[in-house]
Amino acid sequence: MSLKTKHRGMVWGMYVEPDGRRLGVGKLLLNVIVAHAKTEVEDLTLTVASQNEPAINLYRRFGFVEYGLDPRALKVDGVYIDEVLMRLSLELGPKHPTPTSIPVAPDNS
Ligand SMILES: CC(C)(COP(=O)(O)OP(=O)(O)OC[C@H]1O[C@@H](n2cnc3c(N)ncnc32)[C@H](O)[C@@H]1OP(=O)(O)O)[C@@H](O)C(=O)NCCC(=O)NCCS
């Protein structure tokens, strides 16, 4: 991992067996990923095939936003597939620690 990119994490992919879909498993998985990522990095990025509506909807629900399109990123059986680039800005990261209480001097008045 490069020093210059270590503030960023990447969701490489996720998969739920067809029989287990639409039951909230994807949301559970992404909850765990995002919660863990918040302790490690400041941004999460991912790419997803532009026609993958279920996945794009799921990522949008978690606040991922589209910031680009990679045309013809994949070629499957001679068919080109564009990929959507998405990112999620995590408000708290190691560079932005949760504020701790400031010690207060005793009131001697
Ligand atoms: C994308 C995937 C992980 C979603 O998993 P899941 O367990 O079905 O997702 P959930 O049940 O938690 O659904 C979460 C949200 O995703 C969206 N979603 C999921 N399936 C959807 C579908 N078939 N159509 C539209 N939106 C869908 C919805 O916004 C849904 O929220 P809702 O049910 O409240 O409307 C799953 O469909 C999958 O494994 N697909 C194949 C692999 C894949 O495409 N992975 C992503 C590659 S980047």
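Our structure's up above, just so we're on the same page.
Computed from a predicted structure; not experimentally measured.

**So, the environment of Leu29**
For step 1, the next point in the chain: When you line up the elements, Leu29 lands in helix H1 (residues 25-38).
For step 2, the next point in the chain: The exposure class of Leu29 is partly exposed, given the 15 C-beta atoms found within 10 Å.
For step 3, the next point in the chain: It is 9.5 Å that separates the C-alpha atoms of Leu29 and Tyr15, two residues lying 14 residues apart in sequence.

**Details of the environment of Met14**
For step 1, the next point in the chain: For Met14, the location among the structural elements is in the loop between strand S1 (8-10) and H1.
For step 2, the next point in the chain: Taking the number of C-beta atoms within 10 Å as the measure of exposure, Met14 has 14 and is therefore partly exposed.
For step 3, the next point in the chain: With 12 residues separating them along the chain, Met14 and Gly26 place their C-alpha atoms 8.0 Å apart.
For step 4, the next point in the chain: Setting aside its immediate chain neighbours within four residues, Met14 contacts Gly26 and Leu29.

**A word on H1**
Residues spaced three or four apart along an α-helix face the same direction, because each turn holds 3.6 residues.
For step 1, the next point in the chain: For H1, built from 14 residues, the straight-helix expectation of 20 Å at 1.5 Å per residue is met to within 8% by its first-to-last C-alpha distance of 20 Å.
For step 2, the next point in the chain: Where the residues of H1 are buried, they touch S1, strand S2 (43-49) and helix H2 (53-61).

**Points about unusual backbone geometry**
For step 1, the next point in the chain: One non-glycine residue, Arg22, lies in positive phi territory at about 65°.
For step 2, the next point in the chain: Along the polypeptide, Arg22 turns up in the loop between S1 and H1.
For step 3, the next point in the chain: In this structure, Arg72 is a non-glycine residue whose phi angle is positive, near 55°.
For step 4, the next point in the chain: Along the polypeptide, Arg72 turns up in strand S3 (residues 65-76).

**Points about the pairing of strand S4 (residues 79-89)**
For step 1, the next point in the chain: Pairing of S2 with S4 involves 7 bridges; the strand directions are antiparallel. Following the sheet pairing, Thr47 is matched in S4 by Leu85.
For step 2, the next point in the chain: Judged from the 8 bridges that link them, S3 and S4 form a sheet pairing that is antiparallel. Note on S4: the bridge partner recorded for Leu74 is Ile81.
For step 3, the next point in the chain: Taking the residues between adjacent antiparallel strands as the criterion, S3 and S4 are bridged by 2 residues, where Asp77 takes a positive phi near 50°.

The rules behind the values
- Residues numbered from 1 in each chain as written.
- Predicted model: local features only at pLDDT ≥ 70, side-chain atom pairs only at ≥ 80, totals over all residues.
- Helix = DSSP H or I, 4+ residues; strand = E, 2+ residues; numbered from the N terminus.
- Buried ≥ 20, exposed ≤ 12 C-beta atoms within 10 Å, placed from the backbone.
- Contact = placed C-beta atoms within 7 Å.
- Expected span 1.5 Å × (residues − 1).
- Pairing = 2+ DSSP bridges.

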